[in-house]
2 protein chains.
Amino acid sequence: MLLADLDTPALVADLDIVQRNVRRMADLARRGGKSLRPHVKTHKSPDLARLQLAAGATGITVAKLGEAEVMADAGFNDLFLANEPATEVKATRLAILVRRARVAAGVDSLEGAAILSRAAARAGVVVGIRIEVDTGLGRCGVRTAEAALEIARAVCDSPGLRLEGIFTHEGHVYRASPEEVRTACVGAAARMREVAEVLRTEGLPCGLVSVGSTPGAAAMADEPGIDEMRPGVYVFNDGMQAALGSAREEDCGLTVLASVISRPEAQIAILDAGSKALSSDRAESGSRHGAILGLPQARIDWLSEEHAHVDLRGVPAAARPRLGEKVRIVPHHACACVNLHSYMVVARADRVQDRWPIAARGRMQ
Amino acid sequence: MLLADLDTPALVADLDIVQRNVRRMADLARRGGKSLRPHVKTHKSPDLARLQLAAGATGITVAKLGEAEVMADAGFNDLFLANEPATEVKATRLAILVRRARVAAGVDSLEGAAILSRAAARAGVVVGIRIEVDTGLGRCGVRTAEAALEIARAVCDSPGLRLEGIFTHEGHVYRASPEEVRTACVGAAARMREVAEVLRTEGLPCGLVSVGSTPGAAAMADEPGIDEMRPGVYVFNDGMQAALGSAREEDCGLTVLASVISRPEAQIAILDAGSKALSSDRAESGSRHGAILGLPQARIDWLSEEHAHVDLRGVPAAARPRLGEKVRIVPHHACACVNLHSYMVVARADRVQDRWPIAARGRMQ
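Residues numbered from 1 in each chain as written. Chains lettered and ligands numbered in written order. Predicted model: local features only at pLDDT ≥ 70, side-chain atom pairs only at ≥ 80, totals over all residues.

Concerning the domain arrangement of chain A
All names here are of chain A.
Okay, so step 1: Each domain of chain A was delimited in the assignment, giving domain 1 (3-9 + 248-357) and domain 2 (16-236).
Okay, so step 2: Distance from the C-alpha centre of domain 1 to the C-alpha centre of domain 2: 33 Å.
Okay, so step 3: The interface of domain 1 with domain 2 comprises 10 residues on the first partner and 13 residues on the second.
Okay, so step 4: Where the side of domain 1 that touches domain 2 is concerned, the elements lending two or more residues are helix H11 (334-338) and strand E17 (351-357).
Okay, so step 5: Residues of the side of domain 1 that touches domain 2, tallied by class, amount to 7 nonpolar, 1 polar and 2 charged. (Domains from an automatic or database assignment. Contact = placed C-beta atoms within 7 Å. Helix = DSSP H or I, 4+ residues; strand = E, 2+ residues; numbered from the N terminus. Nonpolar A, V, L, I, M, F, W, Y, C, P; charged D, E, K, R; others polar.)

Rendered as C-alpha cells:
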C-alpha cells in the first residue's frame, strides 16, 4: 500500500528517518560517555521505545503515571518519571507500579518526599528518587542548592525512598536563539555539577546527574559531570527543532498527510488537517503551522479545527496543489501532534509498512 | 463520589450548566423561528447530542466523516457534514454512509460536486447538498453568488445529488470585538439572503439557508431569511466565548480538574495540566491558558505539555493553593480541550454522576 492510498488526515512516521535519528542520538550519547534515557512522551509508543532500547538506551523517561503504566504493561522495566507525583493518589499509584517495574520519580519539595515515603512504606517498596533542579526554565525544581540539600537529606532519612541523584529539564533552551543554545546548556550543566558537588560534599549519595532536551543534547554530550541525557523529540524532529538548528528538514520523520479539499481562490488551498490533527503549537513567523514537503514557498498561515489555510502566493501556478491532491506537512511540534492521534502509519518513503498504536495517548493521569 | 476524589488532570462537564446552556440555545432558536442543528465537533459525544435533540434540535452537524459514522452508529439519522468531502475516498465513504443514515454534505466547487455525484451514483443513493458560501472567514466556500449559481445548477443536473440549500460558517466573528459581532452577523446574513435570492430567481430549489457559530447565534436568531443555526461550543462555553461576550463565567460548563504538584516559589504554582490536557489554544492576554475557578487573580501564563505555570502574585498569600490541592480550570477553547480526552466526567456541582465517552475523538478521517 502506498501513502497516497490513505484517507486523510493521517499521521505518518518515516521509519528510515526515525531509525537514523535514533541511531544518531545513541551515537552522540555514547561518544560523550553519557547514558541515554529517551523521553517517550513524544511518541507514547512501545514499538518506538523498543527501537530506542535496541539502539542502546539504558531505559526510558515518562512524563506521567499513565505513560509509566502503559510502558510497564508493554514490558519496560527501567523507567524514570521526570515529574513530581506529589499527591496522595499519584504516590500510591507509583508505589503499586514499583512492585512490578523499576520506576524512579522526581521530587522537588519536602512535602512531596514525605507523601512518596508514606506511599512506598504502605506498599512495601523502595522508590528511587531524583531531585529536580531548576536550571533556568522556571517550572518545577528547587531553585537553590540548599533546598536540594535539605530534600536530599530528608529522602535519605525516609523509609521507602532511595536517593539516586538529581535531574533537570533545560527547557529554557527553547526560548534561546540557535546561537544561544550551547551557552544555555553550558550554564545548566555547571549548575547541575554545583548542586551535585554540594550534596556529595555533605556525604549524600548523589550518584546520577541527568539532563534532558533535544536542542541541548549536542552541547550536553560534551559536558563533564553529566551522566545521563533524556531527549525526546529527536526521534521525529519537527519544525521547532529545525528553527532551533537541532535538525534539518530531511531529519524530520513525522508528517501529517492531508488532502486539498477546497481551492476557493487561485492563491489559497484549504487542507483537511487543522488544529485537531496538527495541534495549535505554532511558530511565530514563516509557515507557522508546519512545512509542506516539496512546497517551501507555501505558508500554512492559520488553522481552524479541521482546516489548514494555505497561502499559495509564493508558489508558481503550475506547482499549486489541485483539489483532491495530497500533501505532507511536517508539524511545528511533534509531541503535541502525535498526542492527537490514536495510531501512526509507519512508512518507508512512500510505502506503508505498519500501523503502530500511540498506546499511552489518552492516559491523562 | 466527589470531584475532589478524582485523579488529575480530569475533564469535567457540569451537567447543570450544560443542560441550562442547551435549553437556552434551543429557546433562542425557537424564538427566532430557526431550526437548530448543533455542531457536535465540540463534544463528540452521543450522550450530549441526545440532550440537544431532546431539547428540540432538528438534527446534528459534524465536521468530518469519522464523526458522522460514530453518530450514525449511535442512532442519529439526520446529519449535516458542514465540510467538503471532495476526495474520491471521502465521497465514497459518505455515499456508503448515506445508505443507512440521512447525511447532507457541503460542496464549494464543480469538481467536488462531480466527485460526490459519481460516488452517490455508484452507491445508488441520493446525497443532500448544501453549497458553502464564504461570508468573511476566508476558508472554504464560494466567494461569489455567480459561483454558487453555477455549482447549484450542476448539482441539480447531477445524478445522485439533491440541492438542499446554502450554508456558511460566519467564523470571522471570532476576529471581531464583542461590539462588532452583531454587525458581522448582520452582514453575513445579508450576504446569505442575497445568494439565496440569486439561486431562487434562477428557479433553483434553494430551500434552506443555514448559518453557524456560537458568538453569532443571538444576532442570527433575529435575522430574516435564515432558516437554521449550527452553533457548537455553546453547550460548554469557554474562555474564548467569555472574552467575546457570548457567555459569562457561570455559563462555562467544562473544566479541567488539576492538582498543584509543585510550589517552587511562593508566587508560583505548577499544575499537572498542560497543553496535552488543555490544548495550546490561548488568549492573547490575561490568564491566557484558562481561568482558575475561584482564583480570578491567578494567571496561567504558560503551559508545557504536562504542566501549567501559574503566576500567583495577584493572589493573597492565604488563598494560594497548596501542594496537592486541586483546582478547576475553565479552558480557553473547549472544542480543542475535549478533543484531547477520551471521556468526560459528568458532575453536578462537586458530585460525580457519570462518565461519558468522547466517542468520536481520534476518528481523524
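Looking at unusual backbone geometry
Residue and element names in this part refer to chain A.
Okay, so step 1: With omega at -5°, the peptide bond leading from Thr8 into Pro9 counts as cis.
Okay, so step 2: Mapped onto the elements, Pro9 comes out in the segment before strand E1 (10-14).
Okay, so step 3: One non-glycine residue with positive phi stands out, namely Lys44, at about 55°.
Okay, so step 4: Structurally, the position occupied by Lys44 is in the loop between strand E2 (35-36) and helix H2 (46-54).
Okay, so step 5: The phi torsion at Asn237 lies on the positive side, around 65°, for a residue other than glycine.
Okay, so step 6: Examined against the element boundaries, Asn237 turns out to sit in the loop between strand E9 (228-229) and helix H9 (239-244).
Okay, so step 7: Accessibility expressed as a C-beta count within 10 Å gives 25 for Asn237, which makes it buried. (Buried ≥ 20, exposed ≤ 12 C-beta atoms within 10 Å, placed from the backbone.)

Considerations on the relation of the copies chain A and chain B
Okay, so step 1: Aligned on chain B, chain A shows an RMSD of 0.0 Å; the corresponding rotation is 180° and the shift along the axis is 0.0 Å. Each copy turns onto its partner about a two-fold axis. Closest approach to the rotation axis among the C-alpha atoms of chain A is made by Ser280 of chain A, whose C-alpha sits 2.7 Å away.
Okay, so step 2: Taken as a fraction of all interface residues of chain A, those also at the interface in chain B reach 100%, which identifies the copy contact as same-surface. (Least-squares fit on C-alpha atoms with pLDDT ≥ 70 in both.)

Details of the sheet that holds strand E5 (residues 102-107) of chain A
Residues and elements named next belong to chain A.
Okay, so step 1: As summarised here, the arrangement of the 8 strands in space is E2-E9-E8-E7-E6-E5-E4-E3, forming an open sheet in which the pairing is parallel. If you trace the sheet from one side to the other, it starts and ends with E2 and strand E3 (60-62), each paired once.
Okay, so step 2: For strand E6 (residues 127-132) and strand E7 (residues 161-167), the ladder comprises 6 bridges, and the chain directions are parallel. For Ile129, the partnering residue across the bridge sits in E7 and is Leu163.
Okay, so step 3: Along the sheet, helix H3 (residues 65-73) contacts E3, strand E4 (78-81) and E5; its crossing angle with E4, the most-contacted strand, is approximately 175°. (Pairing = 2+ DSSP bridges. Axes fitted to C-alpha atoms, helices over the stretch in contact; angles between N-to-C directions.)

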